[in-house]
Amino acid sequence: MRRFPLSFLLVGLLGLLAAGGAVLGAVQAPTGTDLAVHNAATATLTAARLTGTYTASNLNGDIVSFVYKAPGIATEVARTPQGVVKGRRSVQGRTATGLLAPIQDLLGITTFTAKGGAFVSKEPAYVLAPGSQRSKVSGTYRSVVHLDAGYVVSVLLTLNAVDQGQHIVATVHVRLTSVGSWSRH
């Protein structure tokens, strides 16, 4: 009776699985630019305090200054482009953490390229739609991100899409002036 070298077969099989896992990991691993943005976004989101401003196309030119304190307390002051205060508010919980949504959203993007000191991503707009609505959305979703000292310090999001025949153009720009102990000079 002949003995089958089972141990050699098992070692060979494990070697093939390890090699396959390494190849799969390399193919699916985020690029260096994606990692830079994701690491900076994570560091920014976990900072104890953030200050900055945001503008959005639906705010008619108004600029909102904010101070965010972890784990979910924020104050906002809205001003006209001429600097006239339009309103103030303090928010907590989801409303406060919602200020960080443009930074949080960066963690789901894996198509960044480095361009002139910025990290840029352009994706199909349907990625923003719920699964059942994706086939009805066309257009693009563009992100331009600037980093400094390992933090996200600026995010410009631009949506140019068509949703069920309705053309949508929207922008959001978040600019941070301080993150933790970092501050813009």
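Higher on the page you've got the structure.
Residues numbered from 1 in each chain as written. Predicted model: local features only at pLDDT ≥ 70, side-chain atom pairs only at ≥ 80, totals over all residues. Heavy atoms only, no water.

Novice: In this structure, what is going on with the pairing of strand β8 (residues 151-163)? I would like to understand it.
Specialist: The side chains of a regular strand alternate, first on one face of the sheet and then on the other. Both strand β7 (residues 137-148) and β8 contribute to a ladder of twelve bridges, which runs antiparallel. Note on β8: the bridge partner recorded for S143 is L157. Across ten bridges, β8 lies against strand β9 (residues 166-179) in antiparallel orientation. Directly across from A161, in β9, lies its bridge partner I168. (Pairing = 2+ DSSP bridges. Helix = DSSP H or I, 4+ residues; strand = E, 2+ residues; numbered from the N terminus.)

Novice: Is there a simple way to explain unusual backbone geometry in this structure?
Specialist: Geometrically, the link from A70 to P71 is a cis peptide bond, its omega value of 15° lying close to zero. One non-glycine residue with positive phi stands out, namely N60, at about 55°. The topology assignment puts N60 in the loop between β1 (49-56) and β2 (63-69). The class of N60 is exposed, set by a relative accessible area of 70%. Positive phi is not limited to glycine here, since Q164 has a value of about 50°. With respect to the secondary-structure elements, Q164 resides in the loop between β8 and β9. For Q164, a relative accessible area of 55% corresponds to the exposed category. (Buried < 20%, exposed > 50% of the residue type's maximum accessible area, 1.4 Å probe, protein only.)

Novice: Help me out: how do you make sense of the nonpolar core in this one?
Specialist: Nonpolar side chains in soluble globular proteins generally cluster together in the buried interior. Among the nonpolar cores identified, the biggest contains 37 residues, and L106 and V152 are the most heavily contacted of them. For this core, the elements supplying multiple residues, two or more each, are α2 (32-45), β1, β2, β3 (73-79), β7, β8 and β9. No other element matches the seven residues that β8 contributes to this core. The contact partners of V152, leaving out residues within four places of it in the chain, are V37, A40, A41, T44, I103, L106, V145, H146, L147, L176 and V179. (Core = buried A, V, L, I, M, F, W, Y, C linked by side-chain atoms within 4.5 Å. Contact = heavy atoms within 4.5 Å.)

Novice: Would you take a moment to explain the layout of surface pockets for this structure?
Specialist: Over the atoms, a rolling probe the size of a water molecule traces out where space has been left empty. The space that makes up the largest pocket amounts to roughly 150 Å³. Every residue along the wall of the largest pocket is listed here: Y54, A56, E76, R89, T95, G98, L99, A101, P102, V172 and V174. Where the lining of the largest pocket is concerned, the elements lending two or more residues are β1, α4 (101-104) and β9. Here the lining of the largest pocket is composed, by residue class, of seven nonpolar, two polar and two charged. (1 Å grid on protein atoms, 1.4 Å probe; cavity = no way out; pocket = protein on both sides within 12 Å on 5 of 7 lines; lining within 4 Å. Points joined across faces, edges and corners; volume = space filled by probe spheres on them. Nonpolar A, V, L, I, M, F, W, Y, C, P; charged D, E, K, R; others polar.)

Novice: I tried to follow the side chain of S154 on my own but got confused; where do I start?
Specialist: Here S154 shows up in strand β8. For S154, a relative accessible area of 11% puts it in the buried group. At a separation of 3.1 Å, a polar atom in the side chain of S154 contacts the side chain of H173. With near-sequence residues (within four places) excluded, S154 lies in contact with V144, V145, H146, H173, V174 and R175. (Polar contact = N/O pair within 3.5 Å; in protein donor to acceptor, adjacent residues only side chain to side chain.)

Novice: Mind showing me how you'd approach the packing of aromatic side chains here?
Specialist: Geometry of an aromatic ring pair is reported as the spacing of the ring centres plus the angle between the planes. With the rule as written, the count across this model stands at one aromatic pair. Aromatic side chains Y54 and F66 sit 6.1 Å apart centroid to centroid with 45° between the ring planes, which places their arrangement in the tilted category. On the criterion of sequence distance, the pair formed by Y54 in strand β1 and F66 in strand β2 is long-range, its members being twelve residues apart. (Phe/Tyr/Trp six-rings, centres within 6.5 Å; stacked < 30°, edge-to-face > 60°.)

Novice: Explanation requested: the pattern of salt bridges in the structure shown.
Specialist: Two side chains bearing opposite charge may form a pair once their charged atoms approach each other closely. One pass over the full model with this rule turns up two salt bridges. In this structure, the salt-bridge partner of D62 is K86, at a minimum N-O distance of 2.7 Å. Taken together, the positions of D62 in the loop between β1 and β2 and K86 in strand β4 (residues 85-92) put the pair 24 residues apart, joining distant regions of the chain. Using a relative accessible area of 11% as the deciding quantity, one classes D62 as buried. Its salt-bridge partner being R89, residue E76 comes within 2.4 Å of it at the nearest N-O pair. You can see E76 sitting in strand β3 and its partner R89 sitting in strand β4, a full 13 residues away along the chain. (Salt bridge = Lys/Arg side-chain N within 4 Å of Asp/Glu carboxyl O.)

Novice: Honestly, the pairing of β9 in this entry has me stumped. Any pointers?
Specialist: As paired strands, β1 and β9 are joined by seven bridges and run antiparallel to one another. Bridge assignment links T53 to a residue of β9, and that residue is R175. Hairpin connection of β8 to β9: two residues between the antiparallel strands, including Q164 at a positive phi of 50°. Inspection of the sheet shows β9 paired to strand β10 (residues 182-183) by two bridges, in the antiparallel sense. Counted as the bridge partner of S178 is S183 from β10. Where β9 folds back on β10, the antiparallel hairpin that results is connected by two residues, among which G180 adopts a positive phi of roughly 55°.

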